[in-house]
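# Descriptive analysis of the structure
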Amino acid sequence: MFKKSVEAKAQQRLSGADRKKLKRTIKERFPAASDSDLDTLIPPKVEVTVSKHPNRVLIYSLEGGLPIFFDVDSRGTTIFPTVYALWKVPHLLPSFILKGGEVSRYVIGGADLMFPGISIDSEGLPEFLAGQPWAVKVPGNPALIAVGSTCMSSSEALKAGLRGKALKISHHYRDALWESAEGRYVPNAGFLEDVVFEDPSLSTTDATSDHENNADNQELEVANATIDDLDDSSSNTNISQQVITDLDNLKVTENVESDKGTAAEDQNTLSVEDVDALLDKCLLQAFYTTMKDKDLPIAGSTLWANHVLPCRPSGTVLDIKKSSHKKLSKWLQSKSTEGLISSKEDKHKKEVMVLSINRKHPVYTSFKPEKQQVEKTEQTFDHPINETNLNTTMEVIEIYKPSVHVNPIFTSVGADTRQLYTASEASEVVFAYVEKENLVKPTNKSIVVLDAILCDALFKGAIKKGSTYPSEIHKKDLAPTFINRMQAHHQVTRGKESVVRKGGLKAMQIMTERRQGNKKVTKLSGMESFLIDAEPLASELQKKFACSTSVTEMPGKKGYEVLVQGGVIDVLARYLVEQYGIPKKYIEVLDKTARK
């Protein structure tokens, strides 16, 4: 439901009467909610807003932009809690437990929950009716990851042999609704970017050791890297040259043996000092490569899961219990004492928050980050490497060139105006300018005050004459507006061949026509944009579909057209997606035979 960005059509503050009505609706919809639960979800002295969206969805948010409920039909009959609300009151909804953390990849990816992915205990399938709201969670993690409506009753599910769709997902962790929260966060370190595992803070030392010895699932080992409660005070540690020396002697991106048992054995042989140095190495590598100042403040558990762990050496288990700090809170507070970071304890979330990074600290400036190495999977092909079926290596990247509008911004921060930039790189440029000129509004950190140069870069020529130029812009709108003022390009890479062209990438067109009575022919054009030669492709399709093919030069245009006998429009489109890696959005299908 929330696959695209959540843009409100209108927003207003909830009145006292509407606030009481919302509480009554929640109480009726979710009988498990007590009065104290309602006060937790809707605090008495906190302002509540409701935003209306074009698809008739109402989203109720707390002060600060945290969504807590959404109403699908605007009538209160299909109201659901968000994952933020369920993290506060987990028992608000009954929940299905997945068979394992890996199954969460599909739910977070936008798929509905199927019965084969649900773990059913010895008591059997719980009773439920069709259309009831249920939640989803991962075993070993109390925080729920998704909500939706049951697709059939429990009795119908048993008759169907526990096959088919169990829950139609309406909202899940990392969808557009979760992203819309200004202060979005994760409840524990088990929540990674594309998957959710059990909460490491709930794992015992023995359980952690078992996972380290499990050679069948390295990702599960990473998810169970031990993180304890973040509420202990830190012991003071002094900066020494030995720390810098130890960091230089460790290789963060060094490739190690793929044998996981060997990696776990090597990890067990590390001394406490080596583990301390490895932790510091990964933290500094993260500060240089993935952590940007605009990401701050950040929760300690999020820093660990999304930044520190990905910077560990390949095949290595990063266990903070084997360090001298024992706990994540102590480690982060020791870095704060050294002056590398500034931090404070969030009393509401009960964990350490990293507020800033001291990039002038001696340990930071003396550290030399290493280039991340991307592991490449070997691929085998049935045909020689120079044939067109070298297809799965195709990559399409949207890139942008600075225009006359934004050139002053790039020049100000020392960026080259002649280079091409990805969207994320362009975003970094404009945020670097904001930081350099100190344009963040002091009273509201989510607002950027526009100076003359930035205002012209974003709006000069786009505002009608006589209209007033805006004086400030929200941070979430800054990057998209800035990128829209740049010149769009695209880069297509297939194997060792790569090409950059101006403008957006045009879709490949597949069209079926009727010829000579009931005979059909399918025409394919635009394959040159994807670095596919027409002649070899026609020969391959002839063998694949056991039909005649031909290649003709398109009149008045550059390029060729492949003609395939028969109406194979759907099969051909699927073949191009699966065998050539062409994204579906770049394939335009037109069936003229359907017209009378």
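Scroll up for the structure.
Residues numbered from 1 in each chain as written. Predicted model: local features only at pLDDT ≥ 70, side-chain atom pairs only at ≥ 80, totals over all residues. Heavy atoms only, no water.

Time to look at the overall build of the chain. Along the chain, the regular secondary structure elements total 20 helices and 24 strands. By sequence separation, contacts in the chain at least 24 residues apart represent 62% of the contacts at least 6 residues apart. With an accessible surface of roughly 31,500 Å², the chain has 49% of that area assigned to carbon and sulfur atoms. (Helix = DSSP H or I, 4+ residues; strand = E, 2+ residues; numbered from the N terminus. Contact = heavy atoms within 4.5 Å. Areas by Shrake-Rupley, 256 points an atom, 1.4 Å probe, with all protein chains shown as cover.)

For helix 20 (residues 569-580), with twelve residues, the first-to-last C-alpha span of 16 Å sits near the 16 Å given by 1.5 Å per residue. Tucked into the core, helix 20 has its buried residues touching strand 18 (487-494), strand 20 (508-515), strand 21 (519-525), helix 19 (534-545) and strand 24 (587-591). Just downstream of helix 20, G581 is the residue with a positive phi angle, here 70 degrees. (Expected span 1.5 Å × (residues − 1).)

Once that is clear, we can look at the pattern of salt bridges. Across all of its chains, the model carries 15 salt bridges by this definition. Between R13 and E47 there is a salt bridge, with the nearest N and O atoms lying 3.5 Å from each other. With R13 in strand 1 (residues 10-13) and E47 in the loop between helix 2 (35-41) and strand 2 (48-52), this residue pair connects regions lying 34 residues apart in the sequence. On the accessibility criterion, R13 (57% relative accessible area) is exposed. Judged by its relative accessible area of 35%, E47 is partly exposed. Between E513 and K523 there is a salt bridge, and its shortest N-O distance comes to 3.2 Å. (Salt bridge = Lys/Arg side-chain N within 4 Å of Asp/Glu carboxyl O. Buried < 20%, exposed > 50% of the residue type's maximum accessible area, 1.4 Å probe, protein only.)

In this section: the packing of helix 16 (residues 423-437) against helix 18 (residues 475-484). The geometry of helix 16 relative to helix 18 is characterised by a closest axis approach of 9 Å and an angle of 120 degrees between their N-to-C directions. In terms of axis orientation, helix 16 runs oblique to helix 18. Read as a crossing pair, helix 16 and helix 18 show a hand that is right-handed. Touching A423, A426, S427, V430, F431 and V434 of helix 16 are K475, L478, A479, F482 and I483, all from helix 18. (Axes fitted to C-alpha atoms, helices over the stretch in contact; angles between N-to-C directions. Parallel < 35°, antiparallel > 145°, perpendicular 65-115°, else oblique. Left-handed = near helix turned anticlockwise from the far one by under 90°.)

What follows covers the packing of aromatic side chains. According to the stated counting rule, one finds 20 aromatic pairs in the structure shown. Look at F128 and W134: their rings are 5.4 Å apart centre to centre, the planes differ by 65 degrees, and that puts the pair in the edge-to-face class. Here F128 and W134 have matching classes, each one buried. Ring centres 5.7 Å apart and planes at 40 degrees place the aromatic pair Y288 and F367 in the tilted group. Of this pair, Y288 sits in helix 11 (residues 272-289) while F367 is found in the loop between helix 14 (362-366) and strand 14 (395-401), placing the two residues 79 residues apart along the sequence. Owing to a relative accessible area of 26%, Y288 belongs among the partly exposed residues under this scheme. For F367, a relative accessible area of 4% puts it in the buried group. Among the aromatic residues, those joined into a cluster by ring pairs are Y84, W87, Y173, W178, Y185 and F191. (Phe/Tyr/Trp six-rings, centres within 6.5 Å; stacked < 30°, edge-to-face > 60°.)

On their own, these measurements won't tell you what the molecule is for.
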